[in-house]
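Reading the structure
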Amino acid sequence: MLRAFRAFESEGLEYVLIGATAMGFHGLVRATEDIDLLVRASEQNIERLRQAFRKAYASDPHIDDIQSTDLLGDYPVVRYYPPSGDLFFDVMTRIGEVASFDTVEAEVKEVEGIHVRVATPEALYLLKRETVRPLDRSDAAALRERFNLKDNK
């Protein structure tokens, strides 16, 4: 996972880490199968994403399957499975009308010298509090309690 974040940084990828992996950066750790990335919706940024994945997972021809037309289209999500067996990546440019790279508040965390752009606890709470998945609602409750967040609907 860290090699991917190192590559994201070196390629200048504009992204925000969301989901359970982001929660882990804030000290709320739970099992997860994936790494959720919200990336800036531009062809140039999606090319930086492919370049970063090529840098991290050089021998994988499936990186070329990540297309701007998908991430800039009506259903802007792709799933990438690294050949290393690492957690898979769910990459999206927006979450319906609820969120995009530009609307999710983020902060930079440093791990082993790598700068990782992570959604703030407040942003994660807003993303998770009203979803239909029970796990997201549980995450929202944990975020609300840990960071003393208020419901300002």
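Residues numbered from 1 in each chain as written. Predicted model: local features only at pLDDT ≥ 70, side-chain atom pairs only at ≥ 80, totals over all residues. Heavy atoms only, no water.

1. Examining the overall build of the protein
What counts, and what does not: Secondary structure elements follow DSSP: runs of H or I of four or more residues count as helices, runs of E of two or more count as strands, with numbering from the N terminus. In this description the radius of gyration comes from C-alpha coordinates, and the expected globular size is given by 2.2 Å times residues to the power 0.38. Three exposure classes are used, based on accessible area relative to the maximum for each residue type with a 1.4 Å probe and protein chains only: buried under 20%, partly exposed in between, and exposed over 50%. In what follows, a contact means two residues having at least one pair of non-hydrogen atoms within 4.5 Å.
Along the backbone of the protein there are 6 helices and 8 strands. In the protein, the succession of helices and strands from N to C terminus is α-β-α-β-α-α-β-β-β-β-β-β-α-α. Relative to the compact-globule value of 15 Å for 153 residues, the protein shows a C-alpha radius of gyration of 15 Å, a close match. Across its three principal axes, the protein shows a C-alpha extent of roughly 45 × 35 × 25 Å. Classification of the 153 residues of the protein by burial places 44% in the buried group. Nonlocal contacts in the protein, meaning residues at least 24 apart in sequence, comprise 57% of its contacts between residues at least 6 apart.

2. Re the packing of aromatic side chains
The condition that has to hold: Stacked, tilted and edge-to-face pairs are distinguished by plane angle, under 30 degrees for stacked and over 60 for edge-to-face with tilted covering the rest, among Phe, Tyr and Trp rings (Trp via its six-membered ring) whose centres lie within 6.5 Å.
Inspection of every chain in the model, using the stated rule, returns 11 aromatic pairs. On the numbers, 5.9 Å between centres and 55° between planes, the contact of Tyr 57 with Tyr 80 is tilted. Here Tyr 57 is found in the loop between helix H3 (43-56) and helix H4 (68-71), whereas its partner Tyr 80 is found in strand E3 (residues 77-80), with 23 residues between them in sequence. Counting every residue linked through ring pairs, the aromatic cluster contains Phe 5, Phe 8, Tyr 15, Phe 53, Tyr 57, Tyr 80 and Phe 89.

3. So, the nonpolar core
Quick note on the threshold: In this description, a nonpolar core means a group of buried Ala, Val, Leu, Ile, Met, Phe, Trp, Tyr and Cys residues linked to one another through side-chain atoms lying within 4.5 Å.
In terms of nonpolar packing, the biggest core is built from 44 residues, with Phe 8, Leu 37, Phe 53 and Phe 89 touching the most fellow members. The contact partners of Phe 89, leaving out residues within four places of it in the chain, are Ala 4, Phe 8, Ile 35, Leu 37, Phe 53, Tyr 57, Val 78, Arg 79, Tyr 80 and Pro 82.

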